[in-house]
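# Fold and geometry: a report
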Amino acid sequence: MGAMTKEEKYRQMIETPVNRLIPKLAVPTIISMLVTSIYNMADTFFVSQISTSASGAVGVMFSAMAMIQAIGFTLGMGSGNNISRALGDRNEERASLFAATAFYTAAIIGVIILVLGTIFSQPMVYFLGATPTIAPYAQDYARYILIAAPFMLTSFVMNNILRAQGNAMFAMIGITAGGVLNMILDPILIFTFDMGIAGAAIATMASQMISFALLLYQCNSRDDCIKIQISKFRPNLAVYGEILHAGLPSFCRQGLASVAAVVLNFAAGPYGDAAIAAMSIVTRFMMFINSSLIGFGQGFQPVCGFNFGARRYDRVLEAYWFCVKVAVIMLTVFGVAAFVISRPIITSFRREDLEVIQIGTLALRLQLLTMPLQAWIIMVNMLTQSIGYGFRASLVAMGRQGLFLIPALVILPMFFGLLGVQLAQPIADVLSFVLSVAVVVGVLKELGQMRDSQGRSAAPV
């Protein structure tokens with residue numbers, strides 16, 4: 001079957017029933033997110049077999065990778081949401097402008113991160129929460145992760161550009177190929193070639209380069225995709241303003257996740273390398289479960305943006321409620337299953353260290369209790385971001401990883417010790433749920449009014 005024309009793609013996005021269209025777009029995105037999460041988790045798994053300090057080093061560098069991801073998602077989601085709305089409004093020239101601006105800006109920022117990170121690698125790892133025993137491992141890991149930074153940033157952008165056009169399957173091919181390669185290379189380089197933690201970083205670097213090459217090919221070789229052209233790279237404050245307005249919720253979510261990861265390392269630090277390693281393992285596993293939900297939500301976003309741009313507010317609302325129902329059910333099932341086998345999950349990462357197993361098992365179970373609430377929070381965030389309600393989307397995004405989690409990590413350990421570190425995320429989830437309900441009530445009311453107004457204006461006189 002040949003590629004769809006742009007007109008056919010437009011019709012698909014505004015006419016196909018949402019309960020068929022969203023799963024069709026979401027399945028490849030869910031696979032992409034799961035594979036990305038699995039190969040992030042693979043580094044933690046294989047490195048954890050080396051030592052507890054090496055496992056902690058991956059947790060320390062995770063916060064740096066989360067910041068790189070935050071910048072990539074900000075540019076990718078910011079341009080992607082504008083691309084969806086531009087295509088919904090049949091303005092392809094505007095969509096091309098956003099694609100080129102986001103891609104080349106990401107490449108420039110990636111090179112800056114590579115240079116500065118390499119020069120200041122030792123102070124960087126201590127700033128991220130490394131202990132003296134963890135720091136040497138963290139520096140070995142950082143050396144190659146920094147080389148991958150430009151490829152990681154531009155890949156995040158291209159992934160979102162493809163999804164914004166309803167081409168999630170092409171995005172999945174690039175992400176999945178790199179992820180599978182990483183999982184194959186990890187044990188070979190770490191153990192067979194005895195490269196230790198540097199082997200894990202080299203595997204990640206190679207996989208990011210392969211993903212980059214495949215995604216760039218998908219973007220520029222297909223007739224139904226917007227090309228990334230240097231001639232369209234005309235950066236100006238107005239374009240960056242629109243990208244940042246739409247992408248700021250992603251930066252708040254991912255950027256604050258990076259800051260929270262640093263604060264978590266410092267909060268867990270007084271309880272030893274075992275606490276840092278345990279919380280790192282729990283964080284990676286929770287990302288794995290949440291990645292399925294985020295992938296599903298990212299299947300919803302282009303539908304939402306397209307139909308908002310096409311003024312089909314009825315479909316925006318229908319798509320949102322469909323996704324909320326599916327997301328809550330999906331995360332509840334995952335949460336119950338993981339709760340039952342929490343201890344074996346943690347044990348599989350660090351079988352030799354009983355302290356890591358005990359700390360990680362309780363932390364994981366506490367976070368799994370709030371899984372249904374996380375489904376609601378993320379879908380509210382995706383809705384508000386997709387329709388351009390930047391401030392409200394940013395507020396919801398900041399809640400879970402910033403407004404509530406960081407203060408909880410600072411305050412709770414003073415009263416409850418290590419238990420306070422383990423309780424911080426679930427308490428932040430409960431407070432974020434309350435905030436997201438308060439935000440979405442007003443948004444849904446506005447969308448309902450726009451839908452009713454559109455219906456009246458379309459009615460025959």
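Structure: above.
Because the structure is a prediction, the values reported are computed rather than measured.

The next point concerns the overall build of the chain. The helix and strand inventory of the chain stands at 17 helices and zero strands. The C-alpha atoms of the chain give a radius of gyration of 22 Å, which matches the 23 Å a tight globule of 461 residues would have. The principal-axis extent of the C-alpha atoms belonging to the chain is close to 75 × 45 × 40 Å. The buried share among the 461 residues of the chain stands at 61%.

Compared with an ideal rise of 1.5 Å per residue, which puts 25 residues at 36 Å, helix α7 (residues 168–192) spans 36 Å between its outermost C-alpha atoms and is within 8% of the ideal. When the local axis directions of α7 are compared, the greatest deviation, roughly 30 degrees, occurs at Leu 185, which is followed within four positions by the proline Pro 187.

What follows concerns the pattern of salt bridges. Scanning the model with the defined rule gives 11 salt bridges in all. The closest approach of N and O atoms between Asp 140 and Arg 143, which form a salt bridge, is 3.6 Å. In this pair, Asp 140 and Arg 143 are both assigned in helix α6 (residues 135–164), three residues apart and thus about one turn of the helix distant. Note on Asp 140: relative accessible area 29%, which makes it partly exposed. Exposure remark for Arg 143: the relative accessible area of 44% places this residue in the partly exposed category. A network of salt bridges, in which partner residues are shared, links Glu 93, Lys 232 and Arg 234.

For the structure on display, the rule yields five cavities of 30 Å³ or more. For the largest cavity, the calculated volume is near 780 Å³. Lining the largest cavity are 41 residues, and of these Ala 257, Thr 283, Met 287, Arg 400 and Gln 401 lie nearest its centre. Elements supplying a minimum of two residues to the lining of the largest cavity: α2 (18–48), α3 (52–88), α9 (237–268), α10 (273–309), α14 (371–386), α15 (390–403), α16 (405–416) and α17 (418–458). Sorting elements by how many residues they give to the lining of the largest cavity places α10 first, with 11 residues.

Taking 1.5 Å per residue, 16 residues should reach 22 Å; α14 reaches 23 Å between its end C-alpha atoms and fits that length. Gly 388, located one to two residues past α14, shows a positive phi value of around 85 degrees.

A contiguous nonpolar patch, built from Ile 108, Val 111, Ile 112, Val 115, Leu 116, Ile 119 and Phe 120 and spanning about 640 Å² of accessible area, is present on the exposed surface. Examined against the element boundaries, Ile 119 turns out to sit in helix α4 (residues 92–119). What makes Ile 119 exposed here is its relative accessible area of 55%.

Now for the side chain of Asn 307. Along the chain, Asn 307 turns up in helix α10. Within polar-contact distance, the side chain of Asn 307 engages the backbone oxygen of Met 13 at 2.9 Å. Each residue touching Asn 307, except ones within four places of it in the same chain, is listed here: Met 13, Ile 14, Arg 312, Tyr 313, Arg 315 and Val 316.

A separate point is the packing of α10 against helix α13 (residues 354–368). In the contact formed by α10 and α13, the axes pass within 8 Å of each other and the chain directions differ by 35 degrees. When the axes of α10 and α13 are compared, the crossing they make is right-handed. Residues Ala 274, Ala 275, Ala 277, Ala 278, Met 279, Ile 281, Val 282, Phe 285, Met 286 and Ile 289 of α10 pack against Glu 355, Val 356, Ile 359, Gly 360, Ala 363, Leu 364, Gln 367 and Leu 368 of α13. Of the residues belonging to the contact of α10 with α13, the class tally is 15 nonpolar, two polar and one charged.

This part takes up the environment of Met 61. With respect to the helices, strands and loops of the structure, Met 61 is situated in helix α3. The buried category is assigned to Met 61, whose relative accessible area is 1%. In sequence terms Met 61 and Tyr 141 are 80 residues apart; their C-alpha atoms lie 7.6 Å from each other. Once residues lying within four places of it in the same chain are set aside, the contact partners of Met 61 are Met 124, Val 125, Leu 128, Ala 138, Tyr 141 and Ala 142.

Moving on, we come to the environment of Ala 277. Here Ala 277 is to be found in helix α10. Between the C-alpha atoms of Ala 277 and Asn 265, which are 12 residues apart in sequence, the distance is 9.1 Å. Contacts of Ala 277, omitting those with residues within four sequence positions, involve Thr 52, Ser 55, Gly 56 and Val 356.

Reading guide: rules and limits
Residues numbered from 1 in each chain as written. Predicted model: local features only at pLDDT ≥ 70, side-chain atom pairs only at ≥ 80, totals over all residues. Heavy atoms only, no water. Helix = DSSP H or I, 4+ residues; strand = E, 2+ residues; numbered from the N terminus. Rg over C-alpha atoms; globule rule 2.2 N^0.38 Å. Buried < 20%, exposed > 50% of the residue type's maximum accessible area, 1.4 Å probe, protein only. Expected span 1.5 Å × (residues − 1). Bend = angle between axes of the 7 residues up to and from the residue. Salt bridge = Lys/Arg side-chain N within 4 Å of Asp/Glu carboxyl O. 1 Å grid on protein atoms, 1.4 Å probe; cavity = no way out; pocket = protein on both sides within 12 Å on 5 of 7 lines; lining within 4 Å. Points joined across faces, edges and corners; volume = space filled by probe spheres on them. Patch = residues over 30% accessible without salt bridge, like charges linked within 9 Å, V, L, I, M, F, W, Y side chains within 5 Å. Areas by Shrake-Rupley, 256 points an atom, 1.4 Å probe, with all protein chains shown as cover. Polar contact = N/O pair within 3.5 Å; in protein donor to acceptor, adjacent residues only side chain to side chain. Contact = heavy atoms within 4.5 Å. Axes fitted to C-alpha atoms, helices over the stretch in contact; angles between N-to-C directions. Left-handed = near helix turned anticlockwise from the far one by under 90°. Nonpolar A, V, L, I, M, F, W, Y, C, P; charged D, E, K, R; others polar.

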